[in-house]
Amino acid sequence: MARVSDIPPPRTGLALNAAEIAHGERSLIDIARQRWREQCNRRLHARRVLRGIHRERAALSDLPEAELRQRARALPARLRKAALEDVDLAECFALVDAVLKRVFGFHYHDNQLLAGFHLANGNFVELATGEGKTVTAILPAALHALAGTPIHVVTVNDYLAARDAEEVAPVLGMLGLEVGTVVNGMNPKERRAAYGCDVTYCTNKELVFDYLKDRIKLQESGSFAERVKSSFQQDRRMVTELGFVIIDEADSVLIDDANIPLILTREESSALSRHFVEQAIDLVDRMDPSVWEYVSRSESYYLNPRFLKTLIDDISDPAPEWQSFALAEEVLMQAKTAREKFRRDVHYFVEEDKIVLIDPQTGRPTPDRSLPWGLHQVLEVREGLEVSPNRRTIAKLSFQSYFRKYHKICGMSGTLHEVRGELRKVYRAASVHVPTHRPVRNFCQHDRIFVTSAQRDAWVAERTAAMQAAGRAVLIGVNTVEASDAISAALHRKGLEHQVLNAKHLEQEAEIVKQAGQIDAISVVTNMAGRGTDIKLNPEVRAAGGLHVIIAEVLPSARLERQLFGRAGRQGDPGSHDFAHALDERPLDEAMTALVRQGLVALARTAPGLADRVFRVWLRLYQRNRERQKARVRKQLFKADMERDEVFLFSRLR
């Protein structure tokens, strides 16, 4: 009898499986053959299980609700007493399917059942937008929860966590499982109760911060013997077990945010004086560029030490902090970084007299994040805000380090293909592409490059007006708040009513996205990664050609482009998309050489079609180089984690 993957031993970050050990001794051809065989076997296995689910579904179709509940009560004993067999998984999935039919009135599609099977086996699944990831996650969650494993279902914001938990609760409740939700603003008692449920929906940030708080309490509990005792007193901890985690938008959490440190801090009484920070900003503005050295590998500015004393001596009425050369050098470097790399409404905005950072991947505000010491204070002074006190770091952990602690991990996203290799290496889990239920009908109509942003915005407004006149809904995607405001102004000049969804207007997110597929709807959004709400089309819009997406600013990666234009053409709906870029966009200012820019400007004026094709080739190279640079940083973090695990292997208290 074939078996599905049971929960493996805890991941120490040290052990390698036989296939990984053998990779160093075999050729790339041998490795490719093995991977191909694994993929074929995985697909054949999934198809066998799918046929078993269909047989079980037929047997359960006419059962009354009371009988279904009775079967659900009997299933845990079978799942817990022995290794998990295919027949057990097929029966559990068929039971979940029958309950889903009773609650929502529809059955799972085959592609959703296949996705659930691969998730249950600890794989990452690429499932397109609109294919029903929320209900698909019920399958592996129910299987493992009925087997007695604590389940964490992780998503990227509180709204999605609360919405998904509310949606799946009736299904899991009929199976005898309790669903909890952890969102911002809950007290420790409420969090502890939510984590104590069979299935807990939460965000990645809330989960990691709660884990860190538990660890700090454990470290501060006294002697080593007391810490060991406390580690087994689950009523004192919030995150008690790291059993099985299901991650929505897995590439966003595990790749894009992998090396973002989650930091717990405490305020200290000392603080930088406003006078000192103002003098540092003024000095940087007046400095000759030759005193700075820019290191491209780390993207950092360094002050040449031999100029430091001369610069300080020229300051009239210097603040006391200038007496420390180390402090002066640090704050001057932070002031330079703020001047060159941080722009209001691009990297941050001001709300309620506080600096709120904007997530570069999602365009979302991150009020719980702050910049490194010194840099945050420089931005506060620059914006005329009160200088925040210094904070001392008491604990920190990256998402990559945290999620590798789980016994078993899986996840879903519509864009995993480009990062499948990294997911395999870091999390030792394969990535599987599951086809859509219906064929995708989404194609590119235009790919344009313009010399200036004003020309681009005018073209976008004209294109939007034409699409609206044809009866189609339009979604315009950009990467910054600044660009969304500029395009919004161009649409106003054209007399086009529209909605704007960016970091400044996030509270209207669900309603804006919900209405984006209606007649005459025009929506301007910053990066849609992780938005999570499907855009359902009005029947008249569908008949007119569906949703049209315009990507109007350079995005950091091709994955993010796919996420954005993938909003069109969901579940077999018609759709299309355009690209429209300008050579004066800020990312291009930083990355494009003067020679390439001059050549593209000349081509754009004399041979626009050729310029469009040349720019697309350059953009793909630029995006790939950025992805490689970020991958190298994540690899360094991974190696550091491995070395730390090896050093502290003896103290693996959870």
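None of these values were measured; they are calculated from a predicted model.

Caption draft 1: Expanded view of the overall build of the protein. Within the protein one finds 26 helices and 20 strands. Out of the 654 residues belonging to the protein, those deemed buried represent 52%. In the protein, once contacts between residues fewer than 6 apart in sequence are set aside, the share between residues at least 24 apart is 76%. In the structure as shown, the protein presents an accessible area of about 30,000 Å², 52% of it carried by carbon and sulfur atoms.

Caption draft 2: Structural view of the nonpolar core. Core analysis: the largest hydrophobic core is formed by 55 residues, its most contacted members being Val96 and Leu175. The element best represented in this core is helix H4 (residues 86-104), accounting for 10 residues. Discounting residues that sit within four places of it in the chain, Val96 has contacts with Tyr108, Ile138, Leu139, Ala142, Val171 and Leu175. Among the nonpolar cores identified, the runner-up in size contains 40 residues, and Val154, Val239, Ile255 and Phe403 belong to it.

Caption draft 3: Looking closely at the pattern of salt bridges. Per the stated rule, a full pass over the model turns up 32 salt bridges. With its nearest N and O atoms 3.8 Å apart, the salt bridge here joins Glu67 to Arg71. In this pair, Glu67 and Arg71 both sit in helix H3 (residues 65-81), 4 residues apart, roughly one turn of the helix. For the salt bridge of Glu418 with Arg562, the shortest nitrogen-to-oxygen distance reads 2.9 Å. Of the two residues, Glu418 sits in the loop between strand E13 (408-413) and helix H18 (420-427) while Arg562 sits in helix H23 (residues 558-565), which places them 144 residues apart along the sequence. With relative accessibility at 40%, the residue Glu418 sits in the partly exposed group.

Caption draft 4: Focus on the sheet that holds strand E3 (residues 179-182). If you walk across this open sheet you meet the 7 strands as E3-E4-E2-E5-E13-E1-E14, and the pairing is parallel. Across the chains shown, the open sheet's two edge strands, defined by having one partner strand only, are E3 and strand E14 (431-433). Between one strand and the next, the sheet's axes are offset by a mean angle of 20°, whatever the strand orientation. Looking at chain direction, strand E1 (residues 124-126) and E14 are connected through 3 bridges and run parallel. Following the sheet pairing, Glu126 is matched in E14 by His433. Helix H7 (residues 138-146) rests against strand E2 (151-155), strand E4 (199-203), strand E5 (244-248) and E13 of the sheet, and its axis sits at about 165° to E5. Across the face of the sheet, helix H10 (residues 204-219) comes into contact with E2, E3 and E4 while running at roughly 100° to E4.

Caption draft 5: Quick peek at the environment of Gln400. Among the structural elements, Gln400 can be located in helix H17 (residues 399-403). Measuring from C-alpha to C-alpha, the distance between Gln400 and Ile255 comes to 8.0 Å, with 145 residues separating the pair along the chain.

Caption draft 6: Representation of the packing of helix H5 (residues 110-120) against H7. Closest axis-to-axis distance for the H5/H7 pair is 8 Å, and the angle between their directions is 45°. Classed by the angle they form, the pair H5 and H7 counts as oblique. Here H5 and H7 pass one another in a crossing that is right-handed. Residues Gln112, Leu113, Gly116, Leu119 and Ala120 of H5 pack against Leu139, Pro140, Leu143 and His144 of H7. For the contact of H5 with H7, the per-class residue count stands at 6 nonpolar, 3 polar and no charged.

Caption draft 7: How the structure looks around the packing of aromatic side chains. On inspection of all chains with the given rule, the structure shows 12 aromatic pairs. With centroids separated by 6.2 Å and ring planes inclined at 70°, the aromatic side chains of Phe124 and Tyr427 adopt a geometry described as edge-to-face. Of the two residues, Phe124 is situated in strand E1 and Tyr427 in helix H18; the sequence distance between them amounts to 303 residues. Across this residue pair, the class does not change: Phe124 and Tyr427 are buried. For the ring pair Tyr402 and Phe403, a centre distance of 5.1 Å and an interplane angle of 80° mean the geometry is edge-to-face. Like Tyr402, the residue Phe403 is buried in the burial classification.

Caption draft 8: Summary view of the packing of helix H2 (residues 28-60) against H5. Packing of H2 against H5 brings their axes to within 10 Å, and their N-to-C directions diverge by 120°. Here H2 is positioned oblique relative to H5, judged by the angle of their axes. Seen from above, H2 lies across H5 with right-handed handedness. Contacts between H2 and H5 pair Arg42, His45, Ala46, Arg47, Val49, Leu50, Ile53, His54 and Arg57 from the former with Asp110, Leu113, Leu114, Phe117 and His118 from the latter. Classifying every residue of the contact of H2 with H5 gives 7 nonpolar, 3 polar and 4 charged.

Caption draft 9: How the structure looks around the pairing of E3. Side chains Gly180 and Val182 of E3 all project onto a buried face; the interleaved residues Val179 and Thr181 project onto a face where none is buried. The pairing of E3 with E4 spans 4 bridges and is parallel. Note on E4: the bridge partner recorded for Val182 is Cys202.

Caption draft 10: The arrangement of unusual backbone geometry in detail. Phi at Asp317 takes a positive value of approximately 50°, unusual for a residue other than glycine. Positionally, Asp317 belongs in the loop between helix H14 (308-313) and helix H15 (325-341).

Thresholds, definitions, all that
Residues numbered from 1 in each chain as written. Predicted model: local features only at pLDDT ≥ 70, side-chain atom pairs only at ≥ 80, totals over all residues. Heavy atoms only, no water. Helix = DSSP H or I, 4+ residues; strand = E, 2+ residues; numbered from the N terminus. Buried < 20%, exposed > 50% of the residue type's maximum accessible area, 1.4 Å probe, protein only. Contact = heavy atoms within 4.5 Å. Areas by Shrake-Rupley, 256 points an atom, 1.4 Å probe, with all protein chains shown as cover. Core = buried A, V, L, I, M, F, W, Y, C linked by side-chain atoms within 4.5 Å. Salt bridge = Lys/Arg side-chain N within 4 Å of Asp/Glu carboxyl O. Pairing = 2+ DSSP bridges. Axes fitted to C-alpha atoms, helices over the stretch in contact; angles between N-to-C directions. Parallel < 35°, antiparallel > 145°, perpendicular 65-115°, else oblique. Left-handed = near helix turned anticlockwise from the far one by under 90°. Nonpolar A, V, L, I, M, F, W, Y, C, P; charged D, E, K, R; others polar. Phe/Tyr/Trp six-rings, centres within 6.5 Å; stacked < 30°, edge-to-face > 60°.

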